[in-house]
Amino acid sequence: GFHRAKPIGIMLALAGRMPFAPTQPDTRHLTPDTFFLYPCSMLWRKPKLANKLDMTQFMPIPSDGYLVGGAVRDALLGASFKDIDWLVADPEKSARATAKFLNGSVFPLDEERGHWRVMLGEEVRDYIRLDTELETNLQGRDFTINALALSPDGRVIDVLNGKHDLESRQIRMVSKENLYADPLRALRAVRFASCLFGYHPKHSSDPMMDALKGLRA
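Residues numbered from 1 in each chain as written. Predicted model: local features only at pLDDT ≥ 70, side-chain atom pairs only at ≥ 80, totals over all residues. Heavy atoms only, no water.

The next subject is the sheet that holds strand β10 (residues 156–157). The 7 strands lie next to each other as β6-β7-β8-β5-β4-β9-β10, forming an open sheet whose pairing is mixed. One side of each edge strand has no neighbouring strand; the edge strands of this open sheet are β6 (105–110) and β10. The pairing of strand β5 (residues 83–88) with strand β8 (residues 123–129) spans 6 bridges and is parallel. The residue bridging Val 88 from the neighbouring strand is Arg 129, located in β8. Against the sheet, helix α2 (residues 70–77) touches β4 (66–68), β5, β9 (149–150) and β10, its axis set at about 80° to β4. (Pairing = 2+ DSSP bridges. Helix = DSSP H or I, 4+ residues; strand = E, 2+ residues; numbered from the N terminus. Contact = heavy atoms within 4.5 Å. Axes fitted to C-alpha atoms, helices over the stretch in contact; angles between N-to-C directions.)

Next up, the structure:
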């Protein structure tokens, strides 16, 4: 069977080299106002991020939906994205409307749980039923930088101060319980730490490291 200690052990081994406190990147070969932080074409420009975004890039917009997940984070950073996640009241209706509007293919991933997908070439749009309060949904995510949402008019919804963490180049877990619930999230912590911000390990009392070490038990 699958042993949780295996991915966590790998993660901890990697964490010895790439972890959780920001370091100053080498920007000598780049322009003064922008430097490279992410191998997937993500550029860090100015630290102050917008409170509202132009939603035309996400058209069509479900009138009752909220954009969530990595696309919000990447859009705030001015980076490209290929995966777009919407929380909506009627996933099938929203997915079919998008497929018709953009001439994409639509199919259910899990009809019972209300999860539909639209494929638009390399772009993927997922529509998931929002059956709780939005804040409850965001509270169940892994890290605060991934717990941001956009309203239909482009307003940033930030209940966990994730935008500040993004500006400050910090990876902060939403809760230890969320990390314990899915051990593979620990691997994502390493990915974000090394790729997004170029972190190095802090001392062993760092709350994130304490939580990750606890996952080995």
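Another aspect to go through is the confidence of the model for the protein. For the protein, the average pLDDT comes to 75, and 64% of its residues sit at 70 or higher. Counting contacts from residues 1–46, a segment whose pLDDT is below 50, to residues more than four positions away or on other chains yields 96 contacts. Every residue in residues 200–205 is under pLDDT 50, and counting partners more than four places away or in other chains gives 15 contacts. (pLDDT = per-residue confidence, 0-100.)

Ranked by internal contacts, the top residues of the largest apolar core, which has 29 residues, are Phe 58, Leu 67, Leu 76, Ile 84, Trp 86 and Leu 150. Residue assignment for this core shows that the elements contributing at least two residues are α2, β5, α3 (91–102) and β7 (115–120). If one sorts the elements of this core by residue count, α2 sits on top with 5 residues. Excluding residues that lie within four positions of it along the chain, Leu 150 makes contacts with Leu 53, Met 55, Phe 58, Gly 65, Tyr 66, Leu 67, Val 72, Arg 155 and Val 156. Counting 9 residues, the second largest nonpolar core, distinct from the first, contains Val 68, Leu 87, Ala 147 and Val 174. (Core = buried A, V, L, I, M, F, W, Y, C linked by side-chain atoms within 4.5 Å. Buried < 20%, exposed > 50% of the residue type's maximum accessible area, 1.4 Å probe, protein only.)

It is worth spelling out the pattern of salt bridges at this point. Close approach of charged atoms lets side chains of opposite charge pair. Following the criterion strictly, the structure yields 7 salt bridges and no others. Between Lys 82 and Glu 122 there is a salt bridge, and its shortest N-O distance comes to 2.8 Å. With Lys 82 in the loop between α2 and β5 and Glu 122 in the loop between β7 and β8, the pair connects residues that are 40 residues apart, well separated along the chain. Under the relative-accessibility criterion, Glu 122 is labelled exposed at 61%. Residue Asp 165 pairs with Arg 172 through a salt bridge whose shortest N-O separation is 2.8 Å. Residue class for Asp 165 comes out buried when judged on its relative accessible area of 3%. Look at Arg 172 and you get partly exposed, because its relative accessible area is 36%. (Salt bridge = Lys/Arg side-chain N within 4 Å of Asp/Glu carboxyl O.)

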